[in-house]
Amino acid sequence: MLRGDSFSGGLLVMPAAPNDATPRTSRRDLFKQLGGTAAAFAFLAAAGPLATASPAVAAAAGPVRTSNRVRKLLTRLTIDEKISLVHGATDPQRLGQAGYLPGVERLGIPELRLTDGPAGVNVARSATGLPPVSTLGATFNPHLARDYGAVMGREGRTLGMDVLLAPQIELSRTPLFSRNKDQAGEDPYLNALIGVAQVEGVQAQGMLAQAKHFLANNQSVGQNGDFTTGKGAYDFRVDDRTLHEIYLPAWEAVVRAGVASVMAAYNHLNGQWNSENKTTLTGILRGELGFDGFVTSDWGATHSVSIDAGLDMQMPDAGYFGTALKAAIAAGTVPQAALDTAVGRILGQYDAFGMLDSTRVHARGNVDVEAGARVARAVATQGAVLLANDGGLPLSRTALRDLALIGPTAAQVAISASGERAYGFEERMVGPLDALRRTAGHDAHIRYAAGLDLTGTAVPASAFPSGLTRTSGTGAQVPDRAVDFTGGRAFATGSTETWTGDFTPPTTGEYALSVQGWGAALGLSLDGTQIVTAATSRDSFVRKWSSIVPTTDGLDNGRTSLQLTGGRTYALKITATGWAAGTADRGPVQVRFAWVTPEERAANIREAAALARTVHTPVVFAYNGAGGSFGGASETGSLALPDHQDELIAAVAAANPRTVLVLNTGTPNTMPWRRQIGTILRAGYVGQEGGWATADLLLGRANPSGRLTVTYPKQLTDHPAHAPGHPERYLGVNEVVTYSEGIFTGYRGFDKAGTEPLFPFGHGLSYTEFGYGRLSVRRDGDGLAVSFTVTNRGRRSGAEVPQVYLGAAHGAPVEMAVKSLAGFERVELDPGESRRVTARISERQLSYWDTVRGRWVRARGERPVYVGASSRDIRLTGTTGGSHGH
């Protein structure tokens, strides 16, 4: 970690293990001593590691420590009451959250409500639409990550929630993982710091944080197989050194920061489901890392009565932890002590957060909309990464007098892709186009072309040569010529309607087909196969996230692309099932069947190119992640932008060499047009305030300072997880995925292979220039202090993110990474200003995991020390001076 203005929660600063006999100060006590603020968790984070233990010692970890209050409750609870505290149930209030425990009213044990993160509070009522964690991570700013967590914790409490299912701290091992947008990237050090800061922010509000998903949950392919039987699930095999050096550091970090809960992931790991893996849940998480909170399953990830393995709570129901658990205890196959231990862990967190004695941090009465908006805008601004700049940004006055914005996410703000996030406040959702028009000045002239039409038009009657039959919920049937019942033509609230008939496209080609609407769950089927849905309810609410943006008239947009044959007849079925009473925003049922034909798509691209040819500067907005349950990137083997956007970008760039590109993406994408585009701003998914933030960046009112948290490959096969000759790393062999790249994931793998990336980890430009100098590397206790000076050599104020990397130790007994991130700091400097920065590198960071001895061992020999603006842009080089190992 870096000294000065940097984040103080340096989780990887590892002093010697404490004596087991040393009295422990509980998180509850510390929380009270430090005023119930994030300072308590920052203190814990900086206080050094818990003792690491060999697997044998870890497996024999003792019983959970409980307070007198909890011990007394355990003696008074009946077995049925205990069991009610270890599995999910239905919330009678139906607030829209993910999980619920009923509590035990007679003993003063309150209800517990668990809400999805990891980007805002996902319940029926509105909360701030924060940018996702991929954008947050790109800020390289743990201070801002703490504020991000505080917004979620504060708003969660206001909305009646108790546990936030965040932070998400998997590593981005493959660029194809659909959840990469929810993660802080490929480096364990960065991931740990961003995760810890979120935990601090959330829990300082009296909200319990639940880190997810434990462990090695890095792809959807093979993750869980059949959801009911588990058949077809792959086994993910990761060696012990790789687990400890790459995938466990963030978990150790949040444990030491006092995280209240952990979620066990869906996948198998080294032969067992994560939710019943005693080696990881009890041996590593509790015995080695010292976790004393409670573990829940991911939703539907419980496969047995695995409470004795270390799983404390099944979510979202009682499938195994209800009647089956009670029967197992009665039969003696599960000890009563296992149930008591699980309940003790759960109630221990109730107690630690003041939920049992009314000392919990007070919940605010109303969501502070403006406070949340400020943080959302700051994340969107600081998380934008300037990938390339040939002078196209910031936009000049000349450019603004004759500017064109192109692309659907120019007109509508790309908050994020898919669910597990807060949707945001719709009245605050202003697209970059409108934000620019409002702030660019009176002499600005800004035109717009969609380029790619995500809304389309209602499919005309000519595509239904025999007409359509509409069947209402009462069974009555009427003929319809098309399906376009929106606005004043909408059906009554709660209506159910079904359309059937023959659908005949006029020409052969790729069609974008959409079922659009609101007020009803919608489905579209062709030839008996459902191909897309929209506006489906989750418990008591619905969100418009079936596509990257809603339709231009505000409907949810379930959209897919299909190759259709002209003149062929397809059996069409469209269903609209009105939302149930009690669903938030329930109203008239609107439904439309829309398309974009191959001819319309080509015409839209031609129109955009024609507009680009007539203006001084065209700015194209592109996106990935089509919406749906998760979104972010399709796990089908391609990094290409969806929806023919590469074609659009190439056409606009060919029409005008001054083309600027803005990427609203959550994962890397290939860039076949890279030589044609000189200026690229990777804005990411930008949250509800992102239109304003993007406008500020384009105008130069804000200076880009974000950095890439993942390496961008030129092609998928350049990435270590997808290297030719290694099918076991992603698609698997005989349903086994092996992390055979070991510790060489992300930029470490690129360095080892000598592969040139499209853009490296840590990369990000600025509208100003920074210089580095005066490197000093000296011993500092058991570690190192690396000092250097950063100077703003340009004419604008800006922020630089200097990064410190450790090289491999000469003569080490294990293969080590060419470079590993060991420190960074976001440094804001005025023109001409210099600042001295010092990075502290701990003994732990100078060590490797010895798989024979089951502990960390410092590598002997001299090591290079690199300071740079990215993992490949090294400005200064020194050495450790031959510091001794042991």
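Above this text is the structure in question.
What counts, and at which threshold
- For every chain, the first residue of its written sequence is number 1, and the numbers climb from 1 along that sequence.
- Owing to the predicted nature of the model, reporting of local features is limited to residues with pLDDT of at least 70; listing and counting of side-chain atom pairs is limited to 80 or more, with chain, interface and lining totals taken over all residues.
- Excluding hydrogens and water, the side-chain figures rest on all heavy atoms present in the structure.
- A helix here means a DSSP run of H or I that spans at least four residues, while a strand means a run of E at least two residues long, and both kinds are numbered starting from the N terminus.
- The size measure is the radius of gyration over C-alpha atoms, and the globule rule it meets is 2.2 Å times the number of residues to the 0.38 power.
- Each residue gets one of three labels from its accessible area relative to the maximum for its type: buried under 20%, exposed over 50%, partly exposed in between, using a 1.4 Å probe on protein chains only.
- The contact criterion used throughout is that any non-hydrogen atoms of two residues lie within 4.5 Å.
- Whenever a carboxyl oxygen of Asp or Glu lies within 4 Å of a side-chain nitrogen of Lys or Arg, that contact is scored as a salt bridge.
- The term polar contact refers here to a pair of N or O atoms within 3.5 Å; inside protein, the definition further demands a hydrogen-donor-capable atom paired with an acceptor-capable atom, and it admits residues adjacent in sequence only when both atoms are side-chain atoms.
- Think of a nonpolar core as a cluster: buried Ala, Val, Leu, Ile, Met, Phe, Trp, Tyr and Cys residues, connected wherever their side-chain atoms sit within 4.5 Å.
- Ring geometry is summarised as follows: Phe, Tyr and Trp rings, the Trp one being its six-membered ring, pair when their centres sit within 6.5 Å, and such pairs are stacked at plane angles under 30 degrees, edge-to-face over 60 and tilted between the two.
- Only strands joined by at least two bridges in the DSSP assignment are considered to pair.
- Axes here mean lines fitted to C-alpha atoms, for a helix over just the part in contact, with angles spanning 0 to 180 degrees between N-to-C directions.
- The span one expects for a helix is its residue count, reduced by one, times 1.5 Å.
- Roughly parallel refers to an angle under 35 degrees, roughly antiparallel to one over 145, roughly perpendicular to one between 65 and 115, and oblique to any angle outside these ranges.
- Should the near helix be turned anticlockwise from the far one by less than a right angle, the crossing is termed left-handed; should it be turned clockwise, right-handed.
- Here the nonpolar group is Ala, Val, Leu, Ile, Met, Phe, Trp, Tyr, Cys and Pro; Asp, Glu, Lys and Arg are the charged ones; every other residue, Gly included, is treated as polar.

A.B. asks: Quick question: what am I supposed to make of the overall build of the protein here?
C.D. replies: Tallying secondary structure elements over the protein gives 21 helices and 38 strands in all. Computed over its C-alpha atoms, the radius of gyration of the protein comes to 27 Å, within 12% of the 29 Å expected for a compact globule of 886 residues. The dimensions of the protein, computed from C-alpha atoms along their principal axes, are 80 × 70 × 55 Å. For the protein, the residues scored as buried account for 64% of the 886 residues in total. Taking as baseline every contact in the protein between residues at least 6 positions apart, the subset at least 24 positions apart corresponds to 77%.

A.B. asks: Could you clarify how one ought to interpret the pattern of salt bridges in this entry?
C.D. replies: If charged atoms from side chains of opposite charge come close, those side chains can pair. All told, the structure shown has 46 salt bridges when counted by the stated rule. With its nearest N and O atoms 2.8 Å apart, the salt bridge here joins Asp80 to Lys326. Taken as a pair, Asp80 in helix H5 (residues 79-84) and Lys326 in helix H12 (residues 323-331) lie far apart in primary sequence, 246 residues in all. One salt bridge in this structure joins Arg844 and Glu252, with 2.7 Å as the shortest N-O distance. With Arg844 in the loop between strand E34 (834-841) and strand E35 (847-850) and Glu252 in helix H10 (residues 249-256), the pair connects residues that are 592 residues apart, well separated along the chain.

A.B. asks: When you look at the side chain of Ser705 in this model, what are you seeing that I'm missing?
C.D. replies: Position of Ser705 relative to the elements: it lies in the loop between helix H20 (690-699) and strand E27 (736-738). In this structure Ser705 comes out as buried when scored by relative accessible area, which is 1%. At 2.9 Å, the side chain of Ser705 and the side chain of Arg826 are in polar contact. When residues no more than four places from it in sequence are discounted, the contact partners of Ser705 are Gln382, Ala384, Ala799, Val801 and Arg826.

A.B. asks: Can you help me understand the environment of Ala371 in this one?
C.D. replies: You can see Ala371 is positioned in helix H14 (residues 369-382). Judged by relative accessible area, which is 10%, Ala371 ranks as buried. In this structure the C-alpha to C-alpha distance between Ala371 and Val151, which are 220 residues apart in sequence, comes to 7.9 Å.

A.B. asks: Is there a simple way to think about the nonpolar core in this case?
C.D. replies: Buried together is how nonpolar side chains tend to be arranged in soluble globular proteins. Ile109, Leu215, Trp251, Leu325, Leu347 and Tyr350 are the most contacted members of the largest nonpolar core, which totals 124 residues. Residue contributions to this core peak at nine residues, all from helix H8 (residues 188-203). Those residues in contact with Ile109, other than ones at most four positions away along the chain, are Leu73, Leu77, Leu85, Gly103, Val104, Leu347, Tyr350 and Leu356. Core analysis: the second largest hydrophobic core is formed by 33 residues, Ala380, Ala384, Val413 and Leu436 among them.

A.B. asks: Help me out: how do you make sense of the packing of aromatic side chains in this one?
C.D. replies: To describe a pair of aromatic rings, you give the distance between the ring centres and the angle between the ring planes. In this structure the tally under the stated criterion is 22 aromatic pairs. Measuring from ring centre to ring centre gives 6.1 Å for Phe464 and Phe503, while their planes differ by 40 degrees; the resulting arrangement is tilted. Remark: Phe503 occurs in strand E17 (residues 496-503) and Phe464 occurs in the loop between strand E13 (457-458) and strand E14 (468-472); sequence separation between them is 39 residues. The class for Phe464 is buried, based on a relative accessible area of 3%. Aromatic side chains Phe485 and Phe491 sit 4.8 Å apart centroid to centroid with 35 degrees between the ring planes, which places their arrangement in the tilted category. Taken individually, Phe485 and Phe491 each receive the classification buried, so the pair is uniform in this respect. Members of the aromatic cluster, connected to one another through ring pairs, are Phe140, Tyr189, Tyr747, Phe761, Tyr805 and Phe824.

A.B. asks: Explanation requested: the pairing of strand E29 (residues 783-792) in the structure shown.
C.D. replies: Residues in a regular strand project their side chains so that they alternate between the two faces of the sheet. Judged by how many residues are buried, E29 sits mostly within the fold: ten of ten residues are covered. In terms of strand pairing, strand E28 (residues 770-780) meets E29 through nine bridges, oriented antiparallel. In the strand pairing of E29, Val777 is matched with Val786. Counting the residues in the hairpin turn of E28 and E29 gives two residues, including Gly781, whose phi is positive at 65 degrees. Here E29 runs beside E34; their pairing, made up of eight bridges, is antiparallel.

A.B. asks: Teacher, can you tell me more about the side chain of Arg360 here?
C.D. replies: Position of Arg360 among the secondary structure elements: in the loop between helix H13 (336-352) and H14. Those residues in contact with Arg360 that lie beyond four places of it in its chain are Arg157, Met161, Asp162, Gly206, Met207, Leu208, Phe353, Gly354 and Met355.

A.B. asks: Can you help me understand the sheet that holds strand E1 (residues 99-101) in this one?
C.D. replies: Remark on secondary structure: sheet strands pair via backbone hydrogen bonds, oriented parallel or antiparallel. Spatial ordering of the open sheet is given by E1-E2-E3-E4-E6-E9, a layout of six strands whose pairing is mixed. Of all the strands in the sheet, just E1 and strand E9 (294-297) have a single pairing partner and so form its edges. Neighbouring strand axes in the sheet, compared pairwise and without regard to direction, differ in orientation by 25 degrees on average. Sheet topology note: the strand E2 (residues 112-116)/strand E3 (residues 163-165) ladder contains three bridges and is parallel. Directly across from Thr115, in E3, lies its bridge partner Leu164. Against the sheet, H10 engages strand E4 (208-214) and strand E6 (261-264), with an angle of about 165 degrees to E4.

A.B. asks: Can you help me understand helix H11 (residues 278-288) in this one?
C.D. replies: Quick reminder: α-helices carry 3.6 residues per turn. Residues three or four places apart thus point the same way. Within H11, eight of the eleven residues are buried, leaving the element largely enclosed by the surrounding structure. Considered for burial, the residues of H11 that qualify are Thr280, Leu281, Thr282, Gly283, Ile284, Leu285, Arg286 and Glu288. The N-cap of H11, judged by a side-chain oxygen 3.2 Å from the amide nitrogen of Thr279 a few residues on, is Asn277. In the segment just after H11, Gly290 is the residue with positive phi, at about 85 degrees.

A.B. asks: Before we go on, may I ask you to explain unusual backbone geometry in this structure?
C.D. replies: For residues other than glycine, phi is negative in most cases, and the peptide bonds are mostly trans. Here the amide bond leading from Ala166 into Pro167 is cis, since omega sits at 5 degrees, within 30 degrees of zero. Cis geometry marks the peptide bond from Phe214 to Leu215, where omega comes out at 20 degrees. Along the chain, Leu215 falls in the loop between E4 and strand E5 (235-237). Of note in the backbone geometry, Arg94 takes a positive phi value of approximately 50 degrees without being a glycine. Here Arg94 lies in the loop between H5 and E1.

A.B. asks: Can you help me understand H14 in this one?
C.D. replies: When the terminal C-alpha atoms of H14 are compared, their 20 Å separation across 14 residues agrees well with the 20 Å that a helix rising 1.5 Å per residue should span. Looking at H14, one finds that the buried residues are Ala371, Gly372, Ala373, Val375, Ala376, Val379, Ala380, Thr381 and Gln382. Looking at the buried positions of H14, the neighbouring elements they touch are helix H6 (133-138), helix H7 (142-158) and H20.

A.B. asks: Help me understand the packing of helix H18 (residues 598-614) against helix H19 (residues 645-655), please; the structure alone is not making it clear to me.
C.D. replies: A pair of packed helices is captured by two measures, namely the crossing angle of their axes and the spacing between those axes. Here H18 crosses H19 at 30 degrees, and the two axes come no closer than 8 Å. If you check the angle between H18 and H19, you find them roughly parallel. At the point where H18 passes H19, the crossing takes the right-handed sense. On H19, the residues that touch Ile605, Ala608, Ala609, Ala612 and Arg613 of H18 are Glu647, Leu648, Ala651, Val652 and Ala655. For the contact of H18 with H19, the per-class residue count stands at eight nonpolar, no polar and two charged.

A.B. asks: When you look at the environment of Trp673 in this model, what are you seeing that I'm missing?
C.D. replies: Checked against the element boundaries, Trp673 lands in the loop between strand E25 (660-664) and strand E26 (679-682). Residue classification places Trp673 among the buried residues on the basis of a relative accessible area of 1%. A C-alpha to C-alpha distance of 25 Å links Trp673 and Thr597, two positions 76 residues apart in sequence. Not counting residues up to four positions away in its chain, the partners in contact with Trp673 are Leu641, Asp646, Ile649, Leu661 and Ile680.

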